[in-house]
Amino acid sequence: MKMPARASDSVNKVWGGSPPDSDGLSVSPPSPASPVATAPPRRLLHRLSSGYLSEGRSTPSPPPELSEDGIVTYFLLHFIPGLVGALFYLVWTQVILFGPTLWVSFWLWCLGKLVSMPLELTKWILTVLTVPASERLRRKRTVLISGGSTIQAVHLARNFQAAGARVVVFDVQGNFGLARFSTAVDRYYTVPCPVGDRADRYVAAVKHIVEEERAVYYIPVSSTSTAYYDALVKPHVELMGCSCFCPGLKEVCVLDDVFEVMRRCRSEGMATPLHYPVSSVEEVYALYERGTLGSGRHVMINVGPLGCRDRVRVVLPPKMQDLKVKHQVSTQRPWVIVRDYPGDHFITCTTVKESAVIANVTCRVETVHGGLTPVEHREIDLWIKQFFGKLKFLRPLNGHISFRFVVSSASGSIVPLGCRVGVALPYICHTSVHTRMIWKPCRHFNPQSPGPLVSDIGRYWMHQVVMDTLKSPGIGSVKRLLGTLITKQEALFVVWDPLPYFAYYHIQLPVTNLFRFLRGHHNINNGGHGFRRVVPIR
């Protein structure tokens, strides 16, 4: 019986034996005095690499043996020019073409560190000075808040700290961490930004924060990432014992879908604006040709589950020639065109708990500088209560909802223009009483509701007040500037927590405006409703 050849035998055959190859050729064993006996020569290595000794390959002609002069010539004529070409290509692609981008990114990173480190040091000093040691060391329940680059998150953190909670905030990567500099925030995280269907990393990151910080309550702002992704997070964190003040996925797909909200309003006999569902570009062109979109202001919003996920809002031009459709419009990605009306515009921040409206603040959108002024509007309050009273879900609804209304100057009727799940900018008019309504405060805090629920003072953009003071300096403008700070009419300015104010107006806002300018378009303030305004469609 013939035994199979061992691997060591084949190696010996290559180096010391004479195995026949596929053509019946053999390799003669080297003599002790030959160069092959001392080291594997170039010719033999070339034969091994080219398959000269492998089975199933034809025998190539043996390469000519290079002399020392030939090796030097080959090195000078082939290797060095190739190396120089590779280095030139590397320098061209990485330094000349992309060098400015890399250097700008590097210096922006250094600038961010130079700015953030002193601010964080100042935050630590302010925390030591303003918060008693007993309060800092006391064991607290942890509340997790998203959207750390927004003003809403800063106010949420302050209000929850006033209720005796330990506050942890996070935001998606690439945004300025405004809440990071607040003394009300104990820890700050960044998470991967969810894009399209790729939400696994976002969900895993939020779960990791909940587990790491032992959070018992999660308040999603749903501003930098839509409520669609927070609804995906909700069942995971609730299985971990963390309550989530956000609707479920089915409820989000109803409330964040403008067309679905309009359909339910019509079914209940409530007034709705003129709106046109479209599922192709040809339908949009047809509306222009009929003259439907030729006058007035029209906004196109993506709807359906994908619309709730992406949430894009586009202002249509009055002329069809100026329309450049760069979004997909199809039956899989439908849109709805909503007509806006002249009149006073309002935006709300509505708090719903167990499907009942427990708090609402309504702000009028100022047409001059886009600021918000809190107002009492009983008709809007009644409309919201009726809407949620008629809106039936299989499970109780919890979360913050934002509505946008217009009171038509022609008819005087209240017309809803949109709905969004998330904490809108009017939340800053809520006092710390609001937090104690949606979350049980600690035992040593007064369980009663001290003070008003909504601040009755107007709200001003500080940068607008400063610009007015510079344009028309005088005693009156200076008094208004100082009064805005002293009377706390500025949204971010607090004596015991001043860093977010300076970080927003002197870092975040100028950098944001600079990037908007460099991108070639200016986003007009939309009252904090969370939609992107793009002209033309992209």
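Quantities reported herein were computed from a predicted structural model and do not represent experimental measurements.

Conventions used here
Residues numbered from 1 in each chain as written. Predicted model: local features only at pLDDT ≥ 70, side-chain atom pairs only at ≥ 80, totals over all residues. Heavy atoms only, no water. Helix = DSSP H or I, 4+ residues; strand = E, 2+ residues; numbered from the N terminus. Buried < 20%, exposed > 50% of the residue type's maximum accessible area, 1.4 Å probe, protein only. Polar contact = N/O pair within 3.5 Å; in protein donor to acceptor, adjacent residues only side chain to side chain. Contact = heavy atoms within 4.5 Å. Pairing = 2+ DSSP bridges. Axes fitted to C-alpha atoms, helices over the stretch in contact; angles between N-to-C directions. Salt bridge = Lys/Arg side-chain N within 4 Å of Asp/Glu carboxyl O. Phe/Tyr/Trp six-rings, centres within 6.5 Å; stacked < 30°, edge-to-face > 60°. Patch = residues over 30% accessible without salt bridge, like charges linked within 9 Å, V, L, I, M, F, W, Y side chains within 5 Å. Areas by Shrake-Rupley, 256 points an atom, 1.4 Å probe, with all protein chains shown as cover. Arc of directions from axis to C-beta. Parallel < 35°, antiparallel > 145°, perpendicular 65-115°, else oblique. Left-handed = near helix turned anticlockwise from the far one by under 90°. Nonpolar A, V, L, I, M, F, W, Y, C, P; charged D, E, K, R; others polar.

Within the secondary structure, Asp497 is located in the loop between α17 (475-486) and α18 (499-519). Judged by relative accessible area, which is 0%, Asp497 ranks as buried. At a separation of 2.6 Å, a polar atom in the side chain of Asp497 contacts the side chain of Ser182. Of the polar contacts made by the side chain of Asp497, one reaches the backbone nitrogen of Thr183; its length is 3.0 Å. If near-sequence neighbours (up to four positions away) are discounted, Asp497 is found in contact with Arg158, Phe181, Ser182, Thr183 and Leu492.

This part covers the sheet that holds strand β3 (residues 187-191). Pairing between the strands of a sheet is mediated by backbone hydrogen bonds and can be parallel or antiparallel. The strand order across the open sheet built from five strands is β3-β2-β1-β4-β5, with neighbouring strands paired in parallel fashion. Since the sheet does not close on itself, it has two edges, and those belong to β3 and β5 (243-244), each with one partner. The sheet contacts of helix α7 (residues 151-162) involve β1 (142-145), β2 (166-172) and β4 (215-219), and relative to β1 the element is tilted by about 170°.

Inspection of the entire model under this criterion finds 14 salt bridges. Arg158 is the partner of Asp497 in a salt bridge, and the nearest nitrogen-oxygen pair spans 2.9 Å. With Asp497 in the loop between α17 and α18 and Arg158 in helix α7, this pair connects stretches of sequence that are 339 residues apart. For Arg263, the salt bridge goes to Glu260, with nearest N and O atoms at 2.5 Å. Here the residue Arg263 and the residue Glu260 both occupy positions in helix α11 (residues 258-267), the gap between them amounting to three residues, near one helical turn. A relative accessible area of 37% means that Arg263 is categorised as partly exposed. Judged by relative accessible area, which is 16%, Glu260 ranks as buried. By sharing partners, the salt bridges in this structure join Arg166, Asp186, Arg187 and Glu213 into a single network.

For strand β7 (residues 297-302), the tally of buried residues reaches five of six residues, placing the bulk of the element in the interior. Pairing of β7 with strand β9 (residues 335-340), which is carried by six bridges, proceeds in the antiparallel orientation. Looking at the pairing, His298 lines up with Arg339 of β9.

Going through the model one piece at a time under the given rule, you end up with 16 aromatic pairs. Where Phe160 meets Trp439, the ring centres are 5.7 Å apart and the plane angle is 65°; that geometry is what we call edge-to-face. Here Trp439 lies in the loop between α15 (433-438) and α16 (462-471) and Phe160 lies in helix α7, a separation of 279 residues in the sequence. We note that Phe160, like Trp439, is buried. For the pair Phe403 and Phe405, a centre-to-centre distance of 5.8 Å together with 25° between the ring planes defines the contact as stacked. Assigned by exposure class, Phe403 and Phe405 land together as buried. Chaining the aromatic ring pairs together yields one cluster made of Phe170, Tyr202, Tyr218, Tyr228 and Tyr229.

With that out of the way, let us pick up a nonpolar patch on the surface. Taken together, the side chains of Leu121, Ile125 and Leu129 make up a nonpolar region of the molecular surface, amounting to roughly 310 Å² of accessible area. In this fold, Leu129 is placed in helix α5 (residues 99-130).

This part covers helix α12 (residues 281-289). Of all the residues in α12, the buried ones are Val284, Leu287 and Tyr288. The arc that holds the buried residues of α12, viewed along the axis, is 100°, so those residues lie on one side. Set apart from the buried face of α12 by more than 90 degrees, the exposed residues are Glu282 and Glu289. Looking one or two places after α12, you find Gly291, whose phi comes out positive at around 85°.

Interhelical geometry of helix α8 (residues 200-213) versus helix α9 (residues 227-239) gives an angle of 45° and a closest axis separation of 10 Å. On the basis of the axis angle, α8 is oblique to α9. Crossing of α8 over α9 shows right-handed handedness. Along the contact surface, α8 presents Tyr202, Val203, Val206, Lys207 and Val210, while α9 presents Tyr229, Asp230, Leu232, Val233, His236 and Val237. For the contact of α8 with α9, the per-class residue count stands at eight nonpolar, one polar and two charged.

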